[in-house]
Amino acid sequence: MDNVLKTTEMRKSFGKSLLYTLPMFLITFMFITGGKPNFSDPSSGLAMIMVFLLVNVLYFFMHFKGKTDKYRAVLFIIFALSLSYTLIHNMIEVRKSMSFSQADILECRIPFCHLVIPMMILPAVFTKSIIFPGSIISGFANISSMVVLWLVATIVLGRGFCSWGCFYGGWDDGFSRIRKRPVIKKIGELWKWMPFAVLLMVVLTAALSMMPTYCSWICPFKAVTEFEQVTSVESATKAGIFLSLFGGLVVVLPVMTRKRTQCSFLCPLGAINSLSNKITPFTVKIDKGSCNECFKCVYVCPLYALTSEDIKAGKVSLFCSKCGKCVDACSKKAIHYGIRGIPAGTMKNFSRNLFLFVSFLFMAVFSAGSIINTLHGLLKLIF
Amino acid sequence: MTDSLILGLSSGSACLATCGMVMFPYLMAGSAGVKRIAFDLSLFLLTRLVIYFILATLAWYFGQAIFSNPVVRNIVPGILYIVFAIMLVWYSISKNRNPNCPAEIVKTVNNHRLVPILLGIVNSLGFCPALFIILTKGATQGTLVRSYIAFLAFFIGSSLWFLPLPLAGKIRKKEVLTNIGILATGLAGIIFMIKGLTNLIGGIING
Amino acid sequence: MKKAKIIAGISWVFFCLILIIILFPGLNSFSLSVSKLPFMKLNPRYTGGEIADKIISKNCTLVIRKPVFNGFLKERNSGFEQLDWHGTIPEIIKASIDYDHDGIKDFCVLIDRKNSKTVLDPIDRKIKGVLISTPTSYGWAVRIGLIK
């Protein structure tokens, strides 16, 4: 009985949920349609309406059902799939292949992604230049806009970016949900620090070679976006690394562990985002008074951010991406979204409402473009 | 130079993890202040540098003799890189990482003035997988100067970790730094494994 | 103190809330401001280097760039020289280049566009071979490896 009461604590009535959804409804309407919905192309208009409804229905359910992760994951996974679809579709349409050519590099036409940011820092400081063959301000995924988007999201959400903004995270998030129970249950504590080691290595190698080494040699998501044309032993080795890391860390291990293993053990940007968790206003807090130490939260955490020691100490580690899985799993609602400075166990609803609004708004607007593109493409294929 | 520096930077942390705690009490023993610690540390690093230059010379000299045959030159360095890189990776993932350091030998020395020099000798001749890799690199360089540069870069990278040694007691979360360092060593191993594979495949293709 | 912390926390949240709301409508102007920062320019290793000379012929322009040796803390010993042909370029391109402006030709390059073949005649010993030779949206580009 007590459990049921605690679970429903975050739920809201139908009317109240609608009221909470209203600001999201209006803002996403403005951002997605630009204030003037255009139906001159029916399939594009229909895609826009579908995306607009999708985000608002998901947000409504977050309030109505009092659960976060399930609805977040739907949009997060769709975002990852649609971005890959958009990129691949664009590549095949323009270049007839998923690989980019030497001309694309020479003409600085490679789309920039946030994973390059850690490697940019040292060369930007010491050489006052960017080591990436992309566009500074014009065109799709230009460097300036991606830096602004990441910077703001990181300040506001901290490592929450990895669960609410990263257009790659949805891949391993999706695969980690395939099995009901994990096959591999325990992975050594040491491995949690791997993203920092990767960060150290890629920052150093990128600075010394003046080349974004993570993108050139490691990034598993090259397998679902774009990669260098295979023309030599070196480029074949690179393609082999991309594919094996994608297969291992994004597909197989997430399925086996039910964890986001690429995000937990490889991503160097995740390491930087973890550090920014120290300044973000939103946190996940543990109310030690309500906690019965069942450790369900530890079991469900997809990023190895919680340990039984952390729970006993009443703190969440810096690896937390605020996905909400632990919050949803806690029958006592002892673990909850909080605001820095506000003691654990207080103002839970207020903190959750504000966090959901900010994080979901970011994800909804950031993802809308590529999801609309994908839907538009699919609708054109169907009709 | 880049890969030697990276190898030094990553393996230096692992070296510190195993040897640092043995060396620390000796460097600090009867400490009379920062000046003396800095002097001892400089002596220790200088000894390492001298040993590395000697090793660079030997590696290059024997490399010239061993790798004069084109077939050996095209294939053996790649295989050596792969073997030593696997050892380096194994070191970083092994649960039974050997915490003993050859520097334990210094416990038997009574003359405190000799300790930093002996530590430098023992530490640089520790023959860990990282040193084997840099020896391979030194042996395959075309000129002696290039071999010196490779060893110098390795020395600089690995020495950076020893510089904060006098402050070791004040560094918080040492365990985290050690963990990151050990994993970085493994990654350096992977980089050299790829380098070895590329060398080997390139060597086979080019005959 | 506790109250001050709460007020600071909530103020920080509301600042972030406003930041997120203005982020997307203001993205273009924020990006423009960021693009004007002193380090927001592409490294010459990617742009191909500054333009040193232009040779204009009938339908085509050959752009000769300054040699690029940029490294992290200091210049490298090895670099490249980029040549770009713009416009309507002939099937066979031939050019003799004096990249260091010492009055002596340093290399001669011959490109057979039809067969994608590039032949380099390295006159100077600093010339180390063809790194890239590729068709581009504007015509053709070649990067020649150099040492100092």
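Q: Got a minute to help me understand the overall build of chain B in this structure?
A: The helix and strand tally for chain B stands at seven helices and zero strands. What you see in chain B, going N to C, is helices and strands ordered as α-α-α-α-α-α-α. Within the span of chain B, comprising 207 residues, buried residues form 42% of the whole. Within chain B, residue pairs in contact and separated by at least 24 positions form 86% of the contacts whose partners lie at least 6 positions apart.

Q: Explain the nonpolar core here, please?
A: Generally speaking, soluble globular proteins have nonpolar side chains that are buried together. Residues and elements named next belong to chain A. With 166 residues, the main nonpolar core has Val-51 and Ala-197 as its most contacted residues. The greatest single-element share of this core, amounting to 15 residues, is contributed by helix H18 (residues 348-382). When residues no more than four places from it in sequence are discounted, the contact partners of Val-51 are Ile-32, Ala-368, Ile-371, Ile-372 and Leu-375.

Q: Looking at this model, I keep getting lost on the environment of B:Ile117. Mind explaining?
A: All names here are of chain B. When you line up the elements, Ile-117 lands in helix H4 (residues 115-124). For Ile-117 and Arg-48, which are 69 residues apart along the polypeptide, the C-alpha to C-alpha distance reads 8.3 Å. Excluding residues that lie within four positions of it along the chain, Ile-117 makes contacts with Leu-43 and Thr-47.

Q: I would appreciate a short explanation of the sheet that holds strand S4 (residues 92-97) of chain C in the present structure.
A: Consider a sheet: its strands pair through backbone hydrogen bonds, and that pairing is either parallel or antiparallel. Residues and elements named next belong to chain C. Reading across from one edge, S4-S5-S6 is the order of the three strands in this open sheet, with antiparallel pairing throughout. Both outer strands of the open sheet, S4 and strand S6 (117-122), are each paired with one neighbouring strand and no more. The mean inter-strand angle of the sheet, taken between neighbouring strand axes irrespective of direction, is 10°. In terms of strand pairing, strand S5 (residues 107-112) meets S6 through six bridges, oriented antiparallel. Paired with Val-109 across the strands is Leu-120, a residue of S6.

Q: When you look at the packing of helix H3 (residues 70-93) of chain B against helix H5 (residues 129-139) of chain B in this model, what are you seeing that I'm missing?
A: Geometrically, a packed helix pair is captured by the angle between its two axes and the distance between the axes. Residues and elements named next belong to chain B. Their axes nearest at 8 Å, the elements H3 and H5 cross at an angle of 160°. Between H3 and H5, the crossing angle belongs to the class labelled roughly antiparallel. In terms of crossing hand, the pair formed by H3 and H5 is left-handed. In contact with Pro-77, Leu-80, Tyr-81, Phe-84, Ala-85, Met-87, Leu-88 and Tyr-91 of H3, H5 contributes Pro-129, Ala-130, Phe-132, Ile-133 and Thr-136. Considering only residue class, the contact of H3 with H5 consists of 12 nonpolar, one polar and no charged.

Q: Sorry if this is basic, but what is going on with the pairing of S5(C) here?
A: Where a strand is regular, its side chains alternate between the two sheet faces. All names here are of chain C. A one-sided burial pattern is seen for S5, the buried positions being Phe-107, Val-109 and Ile-111 and the unburied ones Cys-108, Leu-110 and Asp-112. Where S4 meets S5, six bridges bridge the pair, whose relative direction is antiparallel. Residue pairing across strands places Ser-96 opposite Cys-108, the latter belonging to S5. Linkage of S5 to S6, two consecutive antiparallel strands, is achieved through a turn of four residues, within which Ser-116 is found at a positive phi near 50°.

Q: Sorry, what's going on with the interface of chain A and chain C here?
A: A common measure of how large an interface is: the accessible area buried when the components associate. Counting residues at the interface gives 39 residues for chain A, matched by 40 residues for chain C. Residue assignment for the side of chain A that touches chain C shows that the elements contributing at least two residues are helix H2 (14-33), helix H5 (102-106), helix H6 (117-127), helix H7 (143-157), helix H10 (194-209) and H18 of chain A. Per element, the largest residue contribution to the side of chain A that touches chain C is six residues, and it comes from H7(A).

Q: Help me out: how do you make sense of unusual backbone geometry in this one?
A: Among all residues except glycine, the phi angle is most often negative; among peptide bonds, the trans geometry is most common. Residue and element names in this part refer to chain C. For His-101, which is not glycine, the phi dihedral falls at a positive 55°. Mapped onto the secondary structure, His-101 falls in the loop between S4 and S5. Under the C-beta neighbour-count criterion, His-101 is labelled exposed, with 11 such atoms within 10 Å. Positive phi values are uncommon outside glycine, yet Ser-116 reaches one of about 50°. Overall, Ser-116 belongs to the exposed group, with 11 C-beta atoms counted inside 10 Å.

Q: What is the right way to read the environment of C:Gly79 from this model?
A: Among the structural elements, C:Gly79 can be located in strand S3 (residues 78-87). Taking C-alpha positions, C:Gly79 is 16 Å from C:Leu42, a pair spaced 37 residues apart along the chain.

Q: Quick question: what am I supposed to make of the sheet that holds strand S8 (residues 139-147) of chain C here?
A: Residue and element names in this part refer to chain C. Spatial strand order, S1-S2-S3-S8-S7: five strands in an open sheet with antiparallel pairing. Single-partner strands in this sheet number two, and they are strand S1 (51-56) and strand S7 (127-135). Neighbour to neighbour, the strand axes of the sheet diverge by 20° on average, direction disregarded. One ladder, built from five bridges, connects S1 with strand S2 (residues 60-65); its direction is antiparallel. By the bridge assignment, Ile-51 is partnered in S2 with Arg-65.

Q: Sorry if this is basic, but what is going on with the interface of chain A and chain B here?
A: Taken together, the 15 residues of chain A in the interface contact 16 residues of chain B. Where the side of chain A that touches chain B is concerned, the elements lending two or more residues are H10 and helix H12 (233-257) of chain A. No other element matches the 10 residues that H10(A) contributes to the side of chain A that touches chain B. Of the residues belonging to the side of chain A that touches chain B, the class tally is 11 nonpolar, three polar and one charged.

Cut-offs and rules
Residues numbered from 1 in each chain as written. Chains lettered and ligands numbered in written order. Predicted model: local features only at pLDDT ≥ 70, side-chain atom pairs only at ≥ 80, totals over all residues. Helix = DSSP H or I, 4+ residues; strand = E, 2+ residues; numbered from the N terminus. Buried ≥ 20, exposed ≤ 12 C-beta atoms within 10 Å, placed from the backbone. Contact = placed C-beta atoms within 7 Å. Core = buried A, V, L, I, M, F, W, Y, C linked by C-beta atoms within 7 Å. Pairing = 2+ DSSP bridges. Axes fitted to C-alpha atoms, helices over the stretch in contact; angles between N-to-C directions. Parallel < 35°, antiparallel > 145°, perpendicular 65-115°, else oblique. Left-handed = near helix turned anticlockwise from the far one by under 90°. Nonpolar A, V, L, I, M, F, W, Y, C, P; charged D, E, K, R; others polar.

By themselves these figures say nothing about function.
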